[in-house]
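Structure at a glance
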Amino acid sequence: APPAQSADAFAESAPGIAVRPVAGTTVHRDFKRSYLALDTWTLYPAEGSTGRPLVALVLDGSNEITSAEMRIGRSDGAADVKSCTTPPSDAAGKADTADVDGVRTTHFSSSDAAMSHYLSADSYRVVQGGACYAVDLIIAGTRPEVYDPPRTPPFTAQQAKAALAAMLAAVHWTH
(Lines give C-alpha, C1' and ligand atoms only; values in the text may rest on other atoms or scores of the structure.)
Protein backbone atom coordinates (compact mmCIF):
# COMPACT_ATOMS: atom_id res chain seq x y z
CA ALA A 1 0.00 0.00 0.00
CA PRO A 2 1.28 3.51 -0.69
CA PRO A 3 2.27 5.48 2.39
CA ALA A 4 -0.54 7.57 3.83
CA GLN A 5 -0.20 11.25 3.03
CA SER A 6 -0.05 13.37 6.14
CA ALA A 7 -2.87 15.87 6.39
CA ASP A 8 -2.16 19.42 5.33
CA ALA A 9 -1.42 21.95 8.04
CA PHE A 10 -3.72 24.30 6.14
CA ALA A 11 -5.92 23.84 3.08
CA GLU A 12 -8.57 25.86 1.32
CA SER A 13 -11.42 23.92 -0.21
CA ALA A 14 -10.31 22.83 -3.68
CA PRO A 15 -9.34 24.40 -5.95
CA GLY A 16 -7.08 26.50 -3.79
CA ILE A 17 -3.86 26.65 -1.86
CA ALA A 18 -2.64 24.31 0.85
CA VAL A 19 0.44 23.90 3.02
CA ARG A 20 1.93 20.63 4.19
CA PRO A 21 3.10 20.43 7.82
CA VAL A 22 6.59 21.83 8.37
CA ALA A 23 8.56 20.59 11.38
CA GLY A 24 9.56 23.32 13.79
CA THR A 25 6.75 25.69 12.85
CA THR A 26 3.44 26.71 14.38
CA VAL A 27 0.34 27.42 12.27
CA HIS A 28 -1.59 30.63 12.91
CA ARG A 29 -4.77 31.83 11.23
CA ASP A 30 -3.95 35.54 11.63
CA PHE A 31 -1.01 37.86 11.00
CA LYS A 32 -1.01 39.83 14.30
CA ARG A 33 2.60 39.48 15.45
CA SER A 34 5.17 41.85 13.99
CA TYR A 35 5.79 45.49 14.80
CA LEU A 36 6.63 46.42 11.21
CA ALA A 37 4.43 44.13 9.13
CA LEU A 38 0.79 45.11 8.91
CA ASP A 39 -1.68 42.35 9.73
CA THR A 40 -3.17 42.70 6.25
CA TRP A 41 -3.54 39.90 3.68
CA THR A 42 -0.46 41.08 1.81
CA LEU A 43 2.59 43.02 2.94
CA TYR A 44 1.79 45.99 0.72
CA PRO A 45 -1.97 46.24 0.23
CA ALA A 46 -3.34 48.86 -2.11
CA GLU A 47 -5.77 51.44 -0.76
CA GLY A 48 -9.18 49.79 -0.41
CA SER A 49 -7.77 46.28 -0.81
CA THR A 50 -10.20 43.56 0.24
CA GLY A 51 -8.09 40.44 0.78
CA ARG A 52 -7.89 38.30 3.88
CA PRO A 53 -5.17 36.39 5.71
CA LEU A 54 -5.37 32.63 5.19
CA VAL A 55 -2.52 31.16 7.19
CA ALA A 56 0.89 31.92 8.69
CA LEU A 57 3.60 29.41 9.51
CA VAL A 58 5.84 30.81 12.22
CA LEU A 59 9.27 29.38 12.97
CA ASP A 60 9.38 28.04 16.52
CA GLY A 61 11.38 30.30 18.81
CA SER A 62 10.36 33.45 16.92
CA ASN A 63 10.24 36.43 19.24
CA GLU A 64 10.62 40.20 19.18
CA ILE A 65 14.38 39.84 18.58
CA THR A 66 14.01 37.74 15.45
CA SER A 67 10.98 36.15 13.86
CA ALA A 68 10.57 34.19 10.65
CA GLU A 69 7.21 33.44 9.12
CA MET A 70 5.49 32.59 5.89
CA ARG A 71 2.18 34.35 5.36
CA ILE A 72 -0.37 33.43 2.73
CA GLY A 73 -3.23 35.76 1.91
CA ARG A 74 -5.91 35.82 -0.74
CA SER A 75 -8.03 38.47 -2.41
CA ASP A 76 -10.98 37.99 -4.72
CA GLY A 77 -11.31 41.76 -5.22
CA ALA A 78 -11.22 42.80 -8.88
CA ALA A 79 -8.67 45.58 -8.28
CA ASP A 80 -6.40 43.28 -6.24
CA VAL A 81 -6.58 40.57 -8.91
CA LYS A 82 -5.84 43.09 -11.67
CA SER A 83 -2.74 44.45 -9.89
CA CYS A 84 -1.78 41.11 -8.30
CA THR A 85 1.54 40.57 -10.03
CA THR A 86 2.61 44.23 -10.12
CA PRO A 87 5.35 44.68 -7.51
CA PRO A 88 4.72 47.44 -4.96
CA SER A 89 6.77 50.62 -4.97
CA ASP A 90 8.53 49.25 -1.86
CA ALA A 91 10.04 46.36 -3.84
CA ALA A 92 13.81 46.33 -4.06
CA GLY A 93 15.35 45.74 -7.46
CA LYS A 94 13.56 44.09 -10.35
CA ALA A 95 10.88 41.47 -10.01
CA ASP A 96 11.48 38.07 -11.53
CA THR A 97 9.54 34.83 -11.69
CA ALA A 98 9.72 31.77 -9.48
CA ASP A 99 7.83 28.50 -9.47
CA VAL A 100 5.73 27.62 -6.43
CA ASP A 101 4.62 23.99 -6.73
CA GLY A 102 4.95 24.19 -10.50
CA VAL A 103 2.99 27.44 -10.81
CA ARG A 104 4.89 30.46 -12.14
CA THR A 105 4.66 33.40 -9.76
CA THR A 106 5.98 36.94 -9.75
CA HIS A 107 8.75 37.21 -7.14
CA PHE A 108 10.21 40.33 -5.55
CA SER A 109 12.12 41.27 -2.43
CA SER A 110 11.64 44.15 -0.04
CA SER A 111 13.01 45.44 3.20
CA ASP A 112 12.07 48.04 5.73
CA ALA A 113 13.74 49.49 8.77
CA ALA A 114 12.39 51.83 11.42
CA MET A 115 14.38 52.86 14.46
CA SER A 116 15.81 49.57 15.77
CA HIS A 117 13.28 47.36 13.96
CA TYR A 118 13.79 45.69 10.61
CA LEU A 119 11.89 43.52 8.17
CA SER A 120 13.01 41.75 5.02
CA ALA A 121 10.73 39.75 2.79
CA ASP A 122 10.61 37.60 -0.31
CA SER A 123 7.17 37.81 -1.87
CA TYR A 124 5.41 35.67 -4.43
CA ARG A 125 2.22 36.75 -6.25
CA VAL A 126 -0.01 34.76 -8.58
CA VAL A 127 -3.56 34.75 -9.89
CA GLN A 128 -5.08 31.30 -9.54
CA GLY A 129 -8.76 30.47 -9.97
CA GLY A 130 -9.63 34.14 -10.35
CA ALA A 131 -8.07 35.12 -7.01
CA CYS A 132 -4.81 36.87 -6.16
CA TYR A 133 -2.59 34.89 -3.81
CA ALA A 134 0.15 36.57 -1.81
CA VAL A 135 2.88 34.44 -0.25
CA ASP A 136 5.28 36.47 1.88
CA LEU A 137 8.41 35.02 3.51
CA ILE A 138 9.27 37.46 6.29
CA ILE A 139 12.22 37.86 8.63
CA ALA A 140 11.61 40.64 11.12
CA GLY A 141 12.83 41.76 14.49
CA THR A 142 14.78 44.18 16.59
CA ARG A 143 18.51 44.67 16.52
CA PRO A 144 19.76 42.72 19.58
CA GLU A 145 22.22 45.43 20.57
CA VAL A 146 19.41 47.82 21.55
CA TYR A 147 18.88 45.66 24.64
CA ASP A 148 21.00 45.99 27.74
CA PRO A 149 22.48 43.46 28.03
CA PRO A 150 22.30 42.59 24.31
CA ARG A 151 19.85 39.74 23.64
CA THR A 152 20.65 36.63 21.65
CA PRO A 153 18.46 35.98 18.60
CA PRO A 154 16.61 32.63 18.73
CA PHE A 155 18.14 31.60 15.39
CA THR A 156 20.55 32.93 12.80
CA ALA A 157 19.54 34.62 9.55
CA GLN A 158 20.80 31.51 7.72
CA GLN A 159 18.59 29.25 9.86
CA ALA A 160 15.62 31.55 9.24
CA LYS A 161 16.19 31.52 5.47
CA ALA A 162 16.47 27.72 5.44
CA ALA A 163 13.25 27.39 7.44
CA LEU A 164 11.41 29.80 5.13
CA ALA A 165 12.61 27.82 2.08
CA ALA A 166 11.18 24.65 3.68
CA MET A 167 7.89 26.46 4.31
CA LEU A 168 7.68 27.64 0.70
CA ALA A 169 8.41 24.08 -0.49
CA ALA A 170 5.40 22.89 1.57
CA VAL A 171 3.00 25.11 -0.39
CA HIS A 172 0.91 23.27 -2.97
CA TRP A 173 -2.21 23.78 -5.04
CA THR A 174 -5.30 21.65 -4.66
CA HIS A 175 -7.44 20.87 -7.69
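This section reports on the structure supplied with the text. Here the residue numbering is sequential within each chain, running from 1 through the sequence in written order. Restriction of local features to residues with pLDDT of at least 70 applies here, the model being predicted, together with a cutoff of 80 or more for giving and counting side-chain atom pairs; totals for whole chains, interfaces and linings are based on all residues. Hydrogens and water are ignored here; the side-chain numbers use all heavy atoms of the structure.

With respect to the side chain of S110
What counts, and what does not: Helix and strand assignments follow DSSP, with helices taken as H or I runs no shorter than four residues and strands as E runs no shorter than two, numbered in order from the N terminus. Two N or O atoms form a polar contact when they lie within 3.5 Å of each other; inside protein one atom must be a possible hydrogen donor and the other a possible acceptor, and for residues adjacent in sequence the pair counts only when both atoms belong to side chains. The contact criterion used is simple: two residues touch if any of their non-hydrogen atoms lie within 4.5 Å.
Along the polypeptide, S110 turns up in strand β7 (residues 103–114). A distance of 2.9 Å separates a polar atom in the side chain of S110 from a polar atom in the side chain of Y44. In this view, S110 contacts L43, Y44, D90, A91, A92, L119, S120 and A121; residues no more than four positions away in its chain are not counted.

What about helix α2 (residues 157–169)?
For clarity, the threshold we go by: What a helix should span is 1.5 Å times the count of its residues minus one. Each residue's exposure class comes from its accessible area (1.4 Å probe, protein chains only) as a fraction of the maximum for that residue type: buried when under 20%, exposed when over 50%, partly exposed otherwise. Starting at the helix axis, one direction is taken to each C-beta atom, and the arc is that of these directions.
The end-to-end C-alpha separation of α2 is 18 Å, in line with the 18 Å expected for 13 residues at 1.5 Å each. Those residues of α2 lying buried are A160, A163, L164, M167 and L168. For α2, the angular spread of buried residues about the axis comes to 140°, placing them on one side. Facing away from the buried side of α2 by over 90 degrees, the exposed positions are Q158, K161, A162 and A169.

Quick notes on the pattern of salt bridges
What counts, and what does not: Salt bridges are defined by distance alone: a side-chain nitrogen of Lys or Arg within 4 Å of a carboxyl oxygen of Asp or Glu.
Counting across every chain of the model gives eight salt bridges. The closest approach of N and O atoms between D76 and R52, which form a salt bridge, is 3.7 Å. With D76 in the loop between β5 (66–75) and α1 (78–82) and R52 in strand β4 (residues 52–59), this pair connects stretches of sequence that are 24 residues apart. Note on D76: relative accessible area 42%, which makes it partly exposed. By sharing partners, the salt bridges in this structure join E12, R52, R74 and D76 into a single network.

Let's talk about the sheet that holds strand β1 (residues 10–11)
We count it as follows: Strands were regarded as paired on the criterion that DSSP finds at least two bridges between them.
Taken in spatial order, the three strands of this open sheet run β1-β2-β10, and their pairing is antiparallel. Only two strands of the sheet have a single neighbouring strand rather than two, namely β1 and β10 (171–174). Of the strand pairs in this sheet, β1 and strand β2 (residues 16–19) are connected by two bridges, and their pairing is antiparallel. From the neighbouring strand, A11 faces β2, where its bridge partner is A18.

Observations concerning the state of the cysteines
Two cysteines whose sulfur atoms are joined by a covalent bond form what is called a disulfide. Applicable threshold: The criterion for a disulfide is a pair of cysteine sulfur atoms lying within 2.5 Å.
On inspection of all chains with the given rule, the structure shows one disulfide. With a sulfur-sulfur separation of 2.1 Å, C84 is cross-linked through a disulfide to C132. Taking the sign of the S-S torsion, about 75° here, the bridge from C84 to C132 comes out right-handed. Taken together, the residues span a long stretch of sequence, with C84 in the loop between α1 and β6 (91–100) and C132 in strand β9 (residues 131–142) at a distance of 48 residues.

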